[in-house]
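Architecture at a glance
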Amino acid sequence: MARSSLLAFLCLAVFINGCLSQTDQFPWSWGFQGSEARQQHRFHSPKACHLENLRAEEPARRIEAEAGYTELWEPNNEEFQCAGVNMVRHTIRPKGLLLPGFTNAPKLIFVVQGAGIRGVAMPGCPETYETDLRRSQSSGNFRDQHQKIRHFREGDLLVLPAGVSQWIYNRGQSDLILVVFVDTRNVANQIDPFARKFYLAGRPEMMRRGEREGRSFRESTGEKSGNVFSGFADEFLEEAFQVDSGLVRRLKGENDDRDRIVFTEEDFDVLMPERDDQERSRGRYVEKESENGFEETVCTLRLKHNIGRSEHADVFNPRGGRISTANFNNLPFLRQVRLSAERGVLYSNAISAPHYTVNAHTVAYATRGSARVQVVDNYGQSVFDGEVREGQVLVIPQNFVVMTRASDRGFEWIAFKTNDNAITNLLAGRVSQMRLLPLGVLSNMYRISREEAQRLKYGQPEMRIFSPGRSQGRRE
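Criteria and thresholds
Residues numbered from 1 in each chain as written. Predicted model: local features only at pLDDT ≥ 70, side-chain atom pairs only at ≥ 80, totals over all residues. Heavy atoms only, no water. UniProt positions renumbered as here; feature names shortened; annotations may be inferred. Buried < 20%, exposed > 50% of the residue type's maximum accessible area, 1.4 Å probe, protein only. Helix = DSSP H or I, 4+ residues; strand = E, 2+ residues; numbered from the N terminus. Pairing = 2+ DSSP bridges. Polar contact = N/O pair within 3.5 Å; in protein donor to acceptor, adjacent residues only side chain to side chain. Contact = heavy atoms within 4.5 Å. Core = buried A, V, L, I, M, F, W, Y, C linked by side-chain atoms within 4.5 Å. Domains from an automatic or database assignment. Disulfide = S-S within 2.5 Å. Phe/Tyr/Trp six-rings, centres within 6.5 Å; stacked < 30°, edge-to-face > 60°. Lys NZ or Arg CZ within 6 Å of the ring centre and 35° of its normal. Patch = residues over 30% accessible without salt bridge, like charges linked within 9 Å, V, L, I, M, F, W, Y side chains within 5 Å. Areas by Shrake-Rupley, 256 points an atom, 1.4 Å probe, with all protein chains shown as cover. Salt bridge = Lys/Arg side-chain N within 4 Å of Asp/Glu carboxyl O. Axes fitted to C-alpha atoms, helices over the stretch in contact; angles between N-to-C directions. Arc of directions from axis to C-beta.

As annotated in an unreviewed UniProt entry, the protein chain carries the name 11S globulin subunit beta-like and comes from Cucumis melo. Word for word, the UniProt comment on the protein chain under Subunit (unreviewed entry) is "Hexamer; each subunit is composed of an acidic and a basic chain derived from a single precursor and linked by a disulfide bond." The UniProt entry for the protein chain carries the following text under Sequence similarities (unreviewed entry): "Belongs to the 11S seed storage protein (globulins) family."

Listed below in structure tokens is the structure:
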């Protein structure tokens, strides 16, 4: 009996080891196994950062397309280059399609407004969506197959690894607005500290590369470039795809001036499972069952998490607001790209406690309202004290302390962080540094009485988000 149990255990061990070996060889590993690789997940800036005067930035350029437009923040911005990040905003009209493409660095995408669908082409994964074979034969239509289609809506955080292409379609009735954060210093980017977009179709506007005052830079030229097929000889593509020269010219985007966002034709159609009520009546499409358990766990990974809805709040003050976070605990794929995000809502005149992020830079985008924001550096000097309005971006470097007061209209933001488990350290209120220190230490730190130290330590009973009434009344 004992011998058979031992044999069963050894077989199980061999099976698990084989599965783990297969996982290590799969494209989604990206070489992040091992503690050293986990610690060195980002490249550092080669030069000292000048962060004495932070600025709330707005997009520097707008590129028009047939079905919307793309706004770009200045990639040569001092704060962006220091943090190793880039920011983009897409506005897609109803029935607009953001053409497929991939980038040399991982992305986080926050859905500011609208809803839609997207396709993420995961290398090595099978086409798990296919038309019903019998229906295709009876109707005479060609049988289509493709990878999973993913729905998203306002408040969702979407993840996209480096080198993986995606397309996005606005199937709603209003404009779809997406804010895109690109981690250009992520170890997955092996080129240079700039976001390079490789398009699979169309002729998007060209970005010129150069060097100015010892610094690399990229800027728009206003000219049209090509997609990844444009540089190949026609005969190569004809042979590769087994198509004629006319179709190759379409593939290369010749005479296509629609840019990166295009309107879809009336026959635009993709395979998606029916709604639950329709599925019961055996709807139009079926999803193919996977033949491999490994494909079921890796190729159908969850790549979104909603942090916009109030019921998902991690911190909530009924008088002050709420904060929701997305990290590797609730969206495990974030561990692969080494990024996380925070969604915040401050009610009218509410305050976000003074705090800093222990292990990450923060790139905050204001989605609604406005606030007065103050940021202090390691010298105790104010490096930013001003208003941040809807549509602006503020970079808050690692360990810099920030405090925010919402305006009368309130304030909402999405903060992208360069660590998959970004840690926030509070300096006031419950669960803060003040609460962790003994009264004797506090009184000697600030040369105050024990009673004053007690008021300093316990005077603020709220955590992270403070109600406006107490402090306003004290000022009056």
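Moving on, there is more to tell.
So, the pairing of strand β26 (residues 401-417)
Buried residues dominate β26, accounting for twelve of its 17 residues. With three bridges joining them, strand β22 (residues 351-357) and β26 adopt antiparallel strand pairing. Bridge assignment links Ile 351 to a residue of β26, and that residue is Arg 405. Bridging between strand β23 (residues 362-376) and β26 involves 13 bridges; their strand directions are antiparallel. Its bridge partner being in β26, Arg 368 is matched across the sheet by Glu 412.

Quick look at the side chain of Thr 184
With respect to the helices, strands and loops of the structure, Thr 184 is situated in the loop between β12 (176-183) and β13 (197-199). For Thr 184, a relative accessible area of 2% translates into the label buried. Within the structure, Thr 184 has its side chain in polar contact with the backbone oxygen of Gly 84 (distance 2.9 Å). Among the polar contacts made by the side chain of Thr 184, one reaches the main-chain amide nitrogen of Val 85 at a distance of 3.4 Å. Sequence-distant contacts of Thr 184, that is, excluding residues within four places in its chain, are made with Gly 84, Val 85, Asn 86, Ala 105, Asn 189, Asp 192, Pro 193, Phe 194 and Ala 195.

Topic: the nonpolar core
Counting 34 residues, the largest nonpolar core has Met 87, Leu 108, Phe 181, Tyr 365 and Phe 416 as the members making the most contacts within it. Both domains that meet at this core, namely domain 1 (56-208 + 224-271) and domain 2 (307-466), each give it at least three residues. Core analysis: the next-biggest nonpolar cluster, separate from the first, contains 24 residues, Leu 54, Cys 82, Leu 346 and Val 373 among them.

Overview of the state of the cysteines
Under the counting rule described, the total for this entry stands at one disulfide. Each disulfide pairs two cysteine sulfurs, and for Cys 49 the partner residue is Cys 82, the sulfurs being separated by 1.9 Å. Here the disulfide of Cys 49 and Cys 82 is right-handed, its torsion about the S-S bond being about 95 degrees. Here Cys 82 lies in helix α3 (residues 78-83) and Cys 49 lies in the loop between α2 (35-39) and β1 (61-65), a separation of 33 residues in the sequence. Of the residues examined, Cys 82 reaches a relative accessible area of 10% and is grouped as buried.

What about the environment of Gly 119?
Structurally, Gly 119 is set in strand β6 (residues 115-121). Measuring from C-alpha to C-alpha, the distance between Gly 119 and Arg 150 comes to 6.3 Å, with 31 residues separating the pair along the chain. Setting aside anything within four residues of it in sequence, one finds Gly 119 in contact with Lys 148, Ser 165, Gln 166 and Trp 167.

A closer look at the packing of aromatic side chains
Tallied over the full model, the rule gives five aromatic pairs. Centre to centre, the rings of Trp 73 and Tyr 365 are 6.0 Å apart; their planes meet at 80 degrees, and the pair counts as edge-to-face. Placement of Trp 73 in the loop between β2 (68-72) and α3 and of Tyr 365 in strand β23 is noted, with a sequence separation of 292 residues between them. With relative accessibility at 2%, the residue Trp 73 sits in the buried group. In this structure, Arg 62 packs its charged tip against the face of Tyr 69, placed 3.5 Å from the ring centre. Over the ring of Phe 328 we find Arg 335, and its NZ or CZ is 3.9 Å from the ring centre.

Details of a nonpolar patch on the surface
Taken together, the side chains of Val 441, Met 445, Tyr 446 and Leu 456 present a nonpolar region at the surface, about 340 Å² in accessible area. Considering every element that reaches the nonpolar patch, the biggest residue donor is helix α11 (residues 439-446), with three residues. The topology assignment puts Tyr 446 in helix α11.

With respect to the sheet that holds strand β5 (residues 107-113)
Strands in a sheet are paired, the pairing made by backbone hydrogen bonds, and the direction either parallel or antiparallel. Spatially, the seven strands line up as an open sheet ordered β1-β2-β3-β12-β5-β10-β18, and their pairing is antiparallel. Two strands close off the open sheet at either side, each with one partner strand: β1 and β18 (304-306). Within this sheet the neighbouring strands show an average axis-to-axis angle of 20 degrees, counted without direction. Sheet analysis places β5 next to β12, joined by six bridges and oriented antiparallel. What sits directly across from Ile 109, in β12, is Val 180.

Considerations on the environment of His 151
Position of His 151 among the secondary structure elements: in strand β9 (residues 149-153). Residue class for His 151 comes out partly exposed when judged on its relative accessible area of 37%. With 34 residues separating them along the chain, His 151 and Ile 117 place their C-alpha atoms 4.4 Å apart.

Notes on the pattern of salt bridges
With the rule as written, the count across this model stands at 20 salt bridges. Between Arg 93 and Asp 175 there is a salt bridge, with the nearest N and O atoms lying 2.5 Å from each other. Of this pair, Arg 93 sits in the loop between β3 (85-92) and β4 (96-103) while Asp 175 sits in the loop between β11 (165-170) and β12, and the two are 82 residues apart along the sequence. Arg 93 sits in the partly exposed class, given a relative accessible area of 29%. Residue class for Asp 175 comes out partly exposed when judged on its relative accessible area of 22%. Because the salt bridges share partners, they merge into one network encompassing Arg 55, Glu 57 and Glu 79.

Quick look at α11
Three or four residues apart is the spacing at which side chains of an α-helix point the same way, because the helix has 3.6 residues per turn. Of all the positions in α11, only Leu 439, Leu 442 and Ser 443 are classed as buried. Along the axis of α11, the buried residues cluster in a sector spanning 95 degrees; they form a single face. In this structure, the buried residues of α11 make contact with α10 (433-436) and α12 (450-458). Just beyond α11, the residue with positive phi is Arg 447, at close to 55 degrees.

A look at the pairing of strand β21 (residues 340-346)
For a regular strand, side-chain orientation follows a simple rule: the groups alternate between the two sheet faces. In terms of burial, β21 is largely enclosed, as seven of its seven residues are buried. Residues of β21 alternate between two faces, with Ser 340, Glu 342, Gly 344 and Leu 346 on one and Ala 341, Arg 343 and Val 345 on the opposite face, all of them buried. Strand direction decides the pairing type here: strand β20 (residues 321-326) and β21, joined by six bridges, are antiparallel. Residue pairing across strands places Thr 325 opposite Glu 342, the latter belonging to β21.

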